[in-house]
Amino acid sequence: MKNHLILFIFILAAHMSCQQQTTNQVPDWPKITSETKPWTRWWWHGSAVTKAGITRDLESLKKAGIGGVELTPIFGVIGKEEEFIDFLSPQWVDMFTHTLTEAKRLELGVDMATGTGWPFGGPWIGQENAPKTVRYKTFNLKEGETLNVPVVYTQEPMLRSVTNMVYQLYGIYKVPGEKITGSLKEPELLNKMNRIAINDIKEPISANENLQALALDQVRFEKPLPLQALVAYSDQGETVDLTDKVSENGKLDWTALAGDWTLYAVFQGWHGKMVERAAPGGEGNTIDHFSKEAIQTYLSRFDSAFSGQDISYLRAFFNDSYEVDDAQGNADWTPEIFEEFETRRGYNLKEHLPALFGKTNEETSKRVLSDYRETIGDLILERFTLEWKNWAETNGAVIRNQAHGSPGNILDLYGASGIPETEGTDPVSINLASSAAHVTGKNLASSESATWLDEHFLSTLADARANLERYLLGGINHVLYHGTAYSPADEEWPGRLFYAAVHANDRNSWWDDFAALNQYVTRVQSFMQAGESANDLLLYLPMYDLYSASEGENIVHFDLGRGAFEESNAYKTATWLKDKGYLFDFISDQQLQKVQSNDSGMQSGGLNYSAIIIPSSEYIPLKTLQRINELASQGVPVIAINNLPLSPPGLYDLENRKASFENGIRDLSAQETLEIVDFNATGLEGLRREPMVELGLEFVRRKYDDGNCYFIVNQGKEAIDGFVPLSVEARSIALYDPMTGKKGVGKTRSDQSRTEVYLQLLPEESILLVTSENEMTGASYNYYQPTDEAIDLKGPWKVKFVKGGPELPDSLVVDSLTSWTAFDGEKVKVFSGTASYSTTLSRPEGNADGWYLNLGEVQQSATVYLNNRWIGTLTGPNYRIFIDQTELLLQEENTLEIHVSNLMANRIADLDKQGVFWKKFYNVNFPARLAENRSRGLFDASGWQPRPSGLLGPVTLTPLKKM
């Protein structure tokens, strides 16, 4: 009996121990750090800053919930020239080190642009390190003839100055359907007689006075171009290099041999791209991105400036997108290209100049072009990105790089970055930066966010939230606003502004509510930076289809959501996968070489993936095909969409490579793990997907030790009130509301195939949920259902204007809610700021567990107080807030006060109607996003009617019972 008792106690203890191991408390919100908060790009106009002003700005951003700044000096303010500080001068470095000291004190992070404006460049970049372009001429000779004209090429002069041009959006922020009156290469010019002309410009660029006012974008001087090669091609297939037979004055000493000959003369031109939006001390040539000497020369100026300085607190050096070729012509040459081409591609490019310039059969031309473009891609990766990265590491920093727009494999360029960064609004393109972070083992992927959301002063906090959510759903977990302009405290409203921003500074009328949005983003990012990505599939990017595209240019740019990529099968496949609920990461040829098979399928960057997807493609390198074959033979599923690739790219040793390629395709076709799927298929059988997409829900998923975390946004038009299926099994699920901070154990149900969780989400609402393989204990997440009709709070309402300008309108009492611009008097029509709406109400009869207070229409953000207690801040698009009656918030008699802030628009329109000089910036000054708001090339709001503002209602109170 005693032994049985001991055995019973032992079994009971073991059972209790097991129960303890499989029961978890609902986890708290993750720890908040400077990186979990959103950051902002911080522009210094003309670097006209003071130490007191720097401290003031940083403290203001800290209070608003910003976690860090990226410092980018840009063009100056007209009239403040005496306050300009030249970039990298001792005084500038003093301001920079003060920034680092103050940011450290405030626990704010700091990145800095590796230059001013964009791209990299400045006055210390001479002609030898500036971007180059290729030019060529052809000459025809018959047997026995000599060339009677000199082999010379005189570059035609040209000038692009921002002050001459009508600024329009041509790229990833272009408004759909907008009529463009110019082009990126040939922009529309302002109809003025006093345009800046090439004859007004001295060479070198640094010799010109007032470069801020000149705002040079691209400059080419008339000059003879250096000959790079002269090669003769006969109709019999012979090739003769005649370069060393050309004298200094261009005279060719050669008599044509038997046959008809075409001579190709290749010259090195000067692209002429200047640094865009340059700050004082930063104006000048951009660099040759394919030259190691150019980037080393450029960075040496930073070494000199920072010598003896402690910049160890700096986290990262930043590079804005490539944007060298948003100009006339392309930077498609570098002096070492012939040598680099032969070393990398295995044959002499000089023997194939007709193919390079599209003068041979299409197949050969495509292959030579592909090789040329691949070589350029190699150079921008190795000679620019990696050189810059290595330099940054010697300064104890990483690089944050916007690789898009570059003429190279964007995944390799992003992957070489410490923090890959994207921009734009295209969901598929956003995945490129996050993919590169995932497959190369980087935890952070960032975004330039809230750029050109709407016309100036019309962007709402709801617009910003939607934009940020698009990045978060694309795997980005470190968003940066675009952005905040340093502005002295005593500068007249609206202060200093950047032309493509949402104006996230304390001059904005919604600034006091901005912190609520930032807290929301911080909560989401605290989860999205924890754990690891849980994407299932690797989507191969057939870069050589883009390299081989038969275009009229020598290089192709990897632009986001437009051009060749948007038209590619890879883009279409990615869109199809997203629509079906599959999670994937793009992967490049180089990155695929590092993938290793394992028990889960395969691993890259420390993450597990279950299958490789190959979009319908024509070209794939033999080395890539071999690696896919190896993985398939090790049990990794390979899914080809429509067909297997058809050929290896490039020209070298083509017949032998084709034979090896055909063998590789036969081997892959014989693999049991290969499946060829029709693009019209309903799905990929046997692979995990999230069926919640069929409900209009978009999501991103991360893997934790004990389960998964989902960030879900209801992008549908209907509210979600019911069970939502997940692809993962879970014993319990915790729900977290990132807007309110509330959390609890959610209601779930399971069958043998899947787990479902109960969600209540209005359109545009979001939720975080964490699954666990163990049972969670703690408070339940509360669900509510209305018990009666909504009660209309009719007022009367006392309206008091509490903050803003140009003047505070008088207080008044209204019986019904309408835009305050409809009130009597002129002050209300031009006012931008905050008004308080207050009323009294009795607690409705009946028992309720809580109430939904719905503010109806709000223009544009609101903070709610009940009996002098803060209830919450609403940034839209929904203006519903929960009042918990278990906290006895609603008493017998109550005072409800709602602070509503409108946009800057009405006050700005008033300034323009008065002709006030607030568009006071050099360079691009202040262009309009939309043509209808453009006057004399600049933004003009003088024709605007007062925008609806304030609390429009109806305000209702709905009684609720817990489900």
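Note on numbering: residues in each chain are counted from 1, in written sequence order. For this predicted model, a pLDDT threshold of at least 70 governs which residues receive local features, and a threshold of 80 or more governs which side-chain atom pairs are given and counted, while totals over whole chains, interfaces and linings are taken from all residues. Just so you know, side-chain values use all the structure's heavy atoms and leave hydrogens and water out.

K.L.:
I'd love a proper account of the pairing of strand β46 (residues 869-874), names of residues and values included.
P.N.:
For two strands to count as paired, DSSP must find a minimum of two bridges between them. Only DSSP runs of H or I covering at least 4 residues are called helices, and only runs of E covering at least 2 are called strands; the numbering of each starts at the N terminus. Here strand β45 (residues 861-866) pairs with β46 via 5 bridges, running antiparallel. Within β46, the residue paired with Leu866 across the bridge is Arg869. Count of turn residues in the β45/β46 antiparallel hairpin: 2 residues, of which Asn867 carries a positive phi of about 55 degrees.

K.L.:
Any details on the environment of Gln914? Residues and values, ideally.
P.N.:
Note that Gln914 resides in helix α19 (residues 905-914). Each residue's exposure class comes from its accessible area (1.4 Å probe, protein chains only) as a fraction of the maximum for that residue type: buried when under 20%, exposed when over 50%, partly exposed otherwise. With relative accessibility at 52%, the residue Gln914 sits in the exposed group. As a C-alpha pair, Gln914 and Ser942 span 28 residues in sequence and 8.2 Å in three-dimensional space. Polar contact criterion, stated in full: a pair of N or O atoms within 3.5 Å, where within protein one must be able to donate a hydrogen and the other to accept it, and residues adjacent in sequence count only if both atoms are side-chain atoms. Polar contacts involving the side chain of Gln914 include one to the side chain of Asp910, which spans 2.7 Å.

K.L.:
I'd love a proper account of the sheet that holds strand β12 (residues 239-241), names of residues and values included.
P.N.:
An order of β6-β13-β11-β12 is seen for the 4 strands of this open sheet, with the pairing classed as antiparallel. Looking at the sheet topology across the chains shown, the edges are occupied by β6 (132-142) and β12. Looking at each pair of strands side by side, their axes are set apart by 20 degrees on average, direction ignored. Pairing of β6 with strand β13 (residues 260-270) involves 11 bridges; the strand directions are antiparallel. If you follow Lys132 over to β13, its bridge partner there is Trp270. Working convention: axes come from line fits to C-alpha atoms, limited for helices to the stretch in contact. Angles between N-to-C directions cover 0 to 180 degrees.

K.L.:
With reference to specific residues and values, describe the packing of helix α6 (residues 337-345) against helix α8 (residues 362-394).
P.N.:
Put simply, α6 and α8 touch, their axes get as near as 10 Å, and they point 105 degrees apart. Considered as vectors, α6 and α8 are oriented roughly perpendicular to each other. Here Ile337, Glu340, Phe341, Arg344 and Arg345 of α6 come into contact with α8, specifically with Val368, Asp371, Tyr372, Glu374, Thr375, Ile376, Asp378, Leu379, Glu382 and Arg383. Classifying every residue of the contact of α6 with α8 gives 6 nonpolar, 1 polar and 8 charged. With respect to orientation, any angle under 35 degrees is reported as roughly parallel, any angle over 145 as roughly antiparallel, any angle of 65 to 115 as roughly perpendicular, and every other angle as oblique. Any two residues having at least one pair of non-hydrogen atoms within 4.5 Å are treated as being in contact. Three categories are distinguished: nonpolar for Ala, Val, Leu, Ile, Met, Phe, Trp, Tyr, Cys and Pro, charged for Asp, Glu, Lys and Arg, and polar for the others, with Gly belonging to the last.

K.L.:
Describe in detail the pattern of salt bridges, supporting the description with residues and values.
P.N.:
One speaks of a salt bridge when a side-chain nitrogen belonging to Lys or Arg is within 4 Å of a carboxyl oxygen belonging to Asp or Glu. Tallied over the full model, the rule gives 50 salt bridges. With a closest N to O distance of 2.5 Å, Glu694 and Arg689 form a salt bridge. Judged by its relative accessible area of 56%, Glu694 is exposed. In this structure, the salt-bridge partner of Lys827 is Glu807, at a minimum N-O distance of 3.8 Å. Of this pair, Lys827 sits in the loop between β41 (812-814) and β42 (832-842) while Glu807 sits in the loop between β40 (797-805) and β41; the two residues are 20 residues apart in sequence, bridging distant segments of the chain. On the basis of relative accessible area, Lys827 is assigned to the partly exposed category, the value being 36%. Residue classification places Glu807 among the partly exposed residues on the basis of a relative accessible area of 46%. Taken together, the salt bridges that share partners define one network made up of Glu35, Arg41, Glu70, Asp111, Arg315, Asp320, Arg400, Glu421 and Glu448.

K.L.:
Just give me the short version of helix α3 (residues 90-106), but keep the residues and values in it.
P.N.:
By this rule the span expected of a helix is its residue count minus one, scaled by 1.5 Å. Over its 17 residues, α3 extends 24 Å from the first C-alpha to the last, a length consistent with the 24 Å expected when each residue adds 1.5 Å. Taken together, the buried positions of α3 are Trp92, Val93, Met95, Phe96, Thr97, His98, Thr99, Leu100, Glu102, Ala103 and Leu106. If you follow the buried residues of α3, they end up packed against β2 (39-45), α2 (51-63), β3 (68-74), β4 (109-113) and α5 (292-306). Once α3 ends, the next one or two residues include Glu107, with phi positive near 60 degrees.

K.L.:
How would you summarise the environment of Leu225 if you had to cite specific residues and measurements?
P.N.:
Residue placement: Leu225 occurs in the loop between β10 (223-224) and β11 (227-234). With relative accessibility at 7%, the residue Leu225 sits in the buried group. A C-alpha to C-alpha distance of 5.8 Å links Leu225 and Gly269, two positions 44 residues apart in sequence. Setting aside its immediate chain neighbours within four residues, Leu225 contacts Arg135, Tyr153, Gln155, Phe267, Gln268, Gly269 and Trp270.

K.L.:
Describe the sheet that holds β4, naming the residues involved and giving the relevant values.
P.N.:
What the 8 strands build is a closed barrel, ordered β2-β3-β4-β15-β16-β17-β18-β19; its pairing is parallel. For this sheet the average axis-to-axis angle between neighbouring strands, irrespective of direction, equals 30 degrees. Two strands pair when backbone bridges link them, and strand β17 (residues 419-422) and strand β18 (residues 446-449) are joined in this way by 2 bridges, in the parallel orientation. In the sheet register, Thr422 faces β18, and the bridge partner there is Ser447. Against the sheet, α2 touches β2, β3 and β19 (478-485), its axis set at about 160 degrees to β2.

K.L.:
Please set out the packing of aromatic side chains residue by residue, giving values where relevant.
P.N.:
Put simply, two rings from Phe, Tyr or Trp (the six-membered ring, in Trp's case) pair if the centres are within 6.5 Å, and we call them stacked under 30 degrees between planes, edge-to-face over 60, tilted for the rest. Taken as a whole and assessed by the stated rule, the structure comprises 60 aromatic pairs. Ring centres of Trp43 and Phe498 lie 3.9 Å apart, and the angle between their planes is 15 degrees; on these two criteria the pair is classed as stacked. Of the two residues, Trp43 sits in strand β2 while Phe498 sits in the loop between β19 and α12 (511-528), which places them 455 residues apart along the sequence. With respect to class, Trp43 is no different from Phe498; both count as buried. Ring geometry for Trp124 against Tyr298: centres 5.3 Å apart, planes inclined by 10 degrees, an arrangement best described as stacked. Taken together, the residues span a long stretch of sequence, with Trp124 in the loop between β5 (121-122) and β6 and Tyr298 in helix α5 at a distance of 174 residues. A residue is classified by how much of its surface remains accessible, and Trp124, at 21% relative accessible area, is partly exposed. Either the NZ atom of lysine or the CZ atom of arginine qualifies as a charge over a ring when it sits within 6 Å of the ring centre and within 35 degrees of the ring normal. Sitting over the face of the ring of Trp29, Arg523 holds its NZ or CZ atom 5.7 Å from the ring centroid. For Arg880, the ring lying beneath its charged end belongs to Tyr852, and the centroid distance is 3.7 Å.

K.L.:
For the confidence of the model for the protein, give the residues involved together with the corresponding values.
P.N.:
pLDDT is defined as a per-residue confidence score from the predictor, taking values between 0 and 100. Per-residue confidence for the protein gives a mean pLDDT of 95, with 97% of residues at or over 70. Segment residues 1-21 is flagged for pLDDT under 50; beyond a separation of four residues in sequence, or across chains, it makes 1 contact in the model.

K.L.:
Mind laying out the side chain of Glu455, listing which residues take part and the relevant values?
P.N.:
Within the secondary structure, Glu455 is located in the loop between β18 and α11 (461-473). Here Asp and Glu are counted as negative and Lys and Arg as positive; His is not counted, and neither are the chain ends. There is no salt bridge for the buried Glu455, and the closest opposite charge comes from Arg929, which lies 6.8 Å off by N-O distance. Reaching out from Glu455, the side chain makes a polar contact with the backbone nitrogen of Arg929 at a distance of 3.0 Å. Each residue touching Glu455, except ones within four places of it in the same chain, is listed here: Ala928, Arg929, Leu930, Asn933, Phe939 and Trp944.

K.L.:
Before we move on, can you summarise the environment of Asn505 with the specific residues and values?
P.N.:
Looking at where Asn505 falls in the secondary structure, it is placed in the loop between β19 and α12. Every residue in contact with Asn505, bar those within four places of it in the chain, is listed here: Thr484, Ala485, Arg496, Leu497 and Trp511. Only 2.9 Å separates the side chain of Asn505 from the backbone nitrogen of Arg507, close enough to count as a polar contact.

K.L.:
Talk me through the packing of helix α10 (residues 427-439) against helix α15 (residues 569-580); I want residue IDs and the actual numbers.
P.N.:
Across the interface, α10 lies against α15 with an axial gap of 10 Å and an inter-helix angle of 95 degrees. Viewed along their axes, α10 and α15 adopt a mutual orientation that is roughly perpendicular. Each of Pro427, Val428, Ser429 and Asn431 in α10 lies in contact with α15, whose residues at this interface are Tyr571, Ala574, Thr575 and Lys578. Taken together, the residues of the contact of α10 with α15 break down into 4 nonpolar, 3 polar and 1 charged.

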